[in-house]
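Observations on the three-dimensional arrangement
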Amino acid sequence: MNLKVNILPNNTKYNHTLPKKQQNTSVSKNGSQGITYAYPVFKCNSFSNLYKEYNWYIYHDKTPAIKSFLKMSEKPEIMDKFLTEILNTKDRSIEFFDSFLYSPRKSLETAKELKDKLGENSVNLRFYMPNSSYGKAYTNYLNHKFNNEKCLISLLKIRPDWRGDMLVQKYKKLYGNENVEIGNIPKELPKNHLNEIYKYLSGEAEYGLKTAKKIPSLTLDNRKYEFAFFTEGKSDKNVFGIFTPEGKKYVLKMGKPEMRSLDNPFAIGTLAKIDFYLTTHRCRNAAPICYYNHEKNFSIYKYIEHIPVDEMPSNMGVISKHLNDFRSLGMTYNDTVGSKNFFMLKPNSTDGITNSEGFMDGLNNKEWISVDNDHVTYSNILQPLISEYCSSLPNAMQMFF
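The following paragraphs examine the structure supplied in this document. (Residues numbered from 1 in each chain as written. Predicted model: local features only at pLDDT ≥ 70, side-chain atom pairs only at ≥ 80, totals over all residues. Heavy atoms only, no water.)

**Some remarks on the overall build of the chain**
What counts is decided by this rule: We count a stretch as a helix when DSSP gives it H or I for four or more residues in a row; a strand needs E for two or more, and each element gets its number in order from the N terminus. A 1.4 Å probe rolled over the protein chains alone gives each residue an accessible area, and that area as a share of the maximum for its type sets the label: buried under 20%, exposed over 50%, partly exposed in between. Residue contacts are defined here by distance: any two heavy atoms, one from each residue, within 4.5 Å place the two residues in contact. Note on areas: Shrake-Rupley with a 1.4 Å probe; residue coverage comes only from the protein chains shown.
For the chain, the helix and strand inventory stands at 13 helices and 13 strands. The 401 residues of the chain split such that 49% are buried. Considering only contacts within the chain whose residues lie at least 6 apart along the sequence, 64% involve residues at least 24 apart. Total accessible area on the chain stands at roughly 19,500 Å², and carbon and sulfur atoms take up 50% of it.

**Things to note about helix α4 (residues 90-98)**
For an α-helix the count is 3.6 residues per turn, leaving residues at separations of three or four pointing the same way. Among all positions of α4, only R92, S93, I94, F96 and F97 are buried. Against the buried residues of α4 lie α1 (47-60), α2 (65-71), α3 (76-87) and α6 (133-148).

**Some thoughts on the pairing of strand β9 (residues 298-302)**
Threshold: Pairing between strands is defined by DSSP: at least two bridges between the two strands are required.
Counting buried positions over the five residues of β9 gives four, a clear majority of the element. With five bridges connecting them, strand β7 (residues 249-254) and β9 associate as antiparallel partners. Across the sheet, the residue bridging to Y250 is K302, located in β9. Of the strand pairs in this sheet, strand β8 (residues 289-293) and β9 are connected by four bridges, and their pairing is antiparallel. The residue of β9 that forms the bridge with Y291 is I300. Linking β8 to β9, which pair antiparallel, is a turn of four residues; within it N297 sits at a positive phi near 60 degrees.

**Notes on the nonpolar core**
Rules: Nonpolar cores are built from buried Ala, Val, Leu, Ile, Met, Phe, Trp, Tyr and Cys residues. Side-chain atoms within 4.5 Å join them into one set.
The biggest cluster of nonpolar side chains holds 66 residues, and the ones touching the most others in it are Y54, F69, F96, F97, L114, L142 and W162. A per-element tally of this core places α1 first, with seven residues.

**Some points on the packing of α3 against α4**
Formally: Axis lines are fitted through C-alpha atoms, for helices just across the contact stretch, and the angle between N-to-C directions can take any value from 0 to 180 degrees. Any angle that falls under 35 degrees is termed roughly parallel, while one over 145 is termed roughly antiparallel, one within 65 to 115 roughly perpendicular, and all others oblique. Each residue gets one label: Ala, Val, Leu, Ile, Met, Phe, Trp, Tyr, Cys and Pro are nonpolar, Asp, Glu, Lys and Arg are charged, and the others, such as Gly, are polar.
For the pair α3 and α4, the least separation of the axes is 6 Å and the interaxial angle reads 105 degrees. Here α3 is positioned roughly perpendicular relative to α4, judged by the angle of their axes. Between α3 and α4, the contacting residues are L83, I86 and L87 on the first element and R92, S93, F96 and F97 on the second. For the contact of α3 with α4, a count of residues per class yields five nonpolar, one polar and one charged.

**A closer look at the packing of aromatic side chains**
Defined as follows: Two aromatic rings from Phe, Tyr or Trp, using only the six-membered ring of Trp, form a pair when their centres are within 6.5 Å; if the ring planes differ by under 30 degrees the pair is stacked, by over 60 it is edge-to-face, and anything between is tilted. Only Lys NZ and Arg CZ are tested; either one counts as a charge over a ring when it is within 6 Å of the ring centre and within 35 degrees of the ring normal.
A full pass over the atoms with the stated rule returns 28 aromatic pairs. Taking the centre distance of 5.6 Å and the plane angle of 65 degrees together, the rings of F96 and F100 count as edge-to-face. Of the two residues, F96 and F100, both sit in the buried class. On the numbers, 5.5 Å between centres and 85 degrees between planes, the contact of F97 with F100 is edge-to-face. In this pair, the class of F97 matches that of F100, namely buried. Grouping aromatic residues by their ring pairs yields a cluster made of F47, Y51, Y54, F69, F82, F96, F97, F100, F127, Y134, Y138 and Y141. Looking at K253, its charged tip hangs above the ring of Y301, at a distance of 4.4 Å from the centre.

**Some points on a nonpolar patch on the surface**
Using the following cut-off: Put simply, a patch holds well-exposed residues, over 30% relative accessible area, that have no salt bridge, with like charges counted together within 9 Å and Val, Leu, Ile, Met, Phe, Trp or Tyr side chains within 5 Å. Salt bridges are defined by distance alone: a side-chain nitrogen of Lys or Arg within 4 Å of a carboxyl oxygen of Asp or Glu.
On the surface, a nonpolar cluster with roughly 320 Å² of combined accessible area is contributed by L108, Y128 and I381. For I381, the position within the fold is in the segment after β13 (376-378).

**Quick notes on the environment of S217**
Positionally, S217 belongs in the loop between α9 (191-202) and β4 (218-220). Look at S217 and you get partly exposed, because its relative accessible area is 31%. Along the sequence, S217 and F227 sit 10 residues apart, while their C-alpha atoms lie 6.4 Å from each other.

**Some words on the pattern of salt bridges**
Evaluation of the coordinates by the stated rule reveals 26 salt bridges. One salt bridge in this structure joins K237 and D374, with 2.8 Å as the shortest N-O distance. Highlighted residues: K237 in the loop between β5 (223-230) and β6 (238-243) and D374 in the loop between β12 (368-370) and β13, separated in sequence by 137 residues. K237 sits in the buried class, given a relative accessible area of 6%. According to the relative accessible area criterion, D374 is buried, its value standing at 3%. Through salt bridges with shared partners, one network takes in R105, R284, D325 and E367.

**Remarks on α9**
Defined as follows: Each helix should span, by expectation, one fewer than its residue count multiplied by 1.5 Å. Our arc is simply the arc of the directions from the helix axis toward the C-beta atoms.
With 12 residues, α9 should cover 16 Å at 1.5 Å per step; its first-to-last C-alpha distance of 16 Å lies within 8% of that length. For α9, the set of buried residues is H193, L194, I197, Y198 and L201. Considered in projection along α9, the buried side chains sweep an arc of 140 degrees and stay on one side of the axis. If you follow the buried residues of α9, they end up packed against β4, β5, β6, β7, β8 and β9.

Below is the structure:
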């Protein structure tokens, strides 16, 4: 084995302490020349030495675990066995899957790199086989996250297709009740005002075919709120614009409380799952969601300015080419839903949109923002669907014309 050695000054801070079995034996505990670390030039089949290189990338270079693994160079059969070792070790497996969240848009690229690294005959490439090391490790990972995360948003950042009953179960474990709330109410909508606005707009809601109408303003504690009613759609979902005295704009989506669901097609809760996933990843092609209330069956979004799109979404290809970031996060439209479901991505589309991921690329590519994601499916080759925790987004969302 050939090692290069770097001498770090005595005052250099190296915060991560490895378990003893993974510590680099070249480290000098005391010495006038400081602490030494072996650079990762390893050509040895020992897991111990492979871990030294792997740990170097993770803890010294601060490289996410999946990328650290892909930076290593060994024969495919050795890399395959080393990945199995990682997957069969609880803490290292969690670290490995957690690292996917650093680059969720690179799943297809990462899967190809893994194939090149492990060889085509690797059983670890059979991502969707529950009995493979990969499938078992990913199941254990979801189990760990479900039991240990402290809020539902953390789960929805991993994937949008958690089963609704599991999210309710998790919320009850955290808060002692099943009245699921996700996210935060915007400060411009004080909670007591939002409750009154919800009651007020419930009286304006229509079900089935909707008719255009003007909704009178509402004044609460000398704060005047203006409203708009959007008539698209024939489901029980109602969509209202809320305009605050500060000039902030939000959208309230509501349905009948008895129709609440986190799984059904077109349901406000199903939409919330999808949109919290997209919002936590700063997707530039989706309206950001702020808050969801399961008991009352409503959600609050940032308002998207209605800037008409430059092409009619007459087929899947047209939709897909204008939703690059949406697609890279594993989301795919499964029907053509009409032009009023999309608006142009512009610097003034909504508050904070310029801070979304790859905003300038989206602007240059004339991308769109989707404002009603109830016609989509989700897939991620590196994150297989584990039926104990997840279920496919409802195919019944698809509409036929």
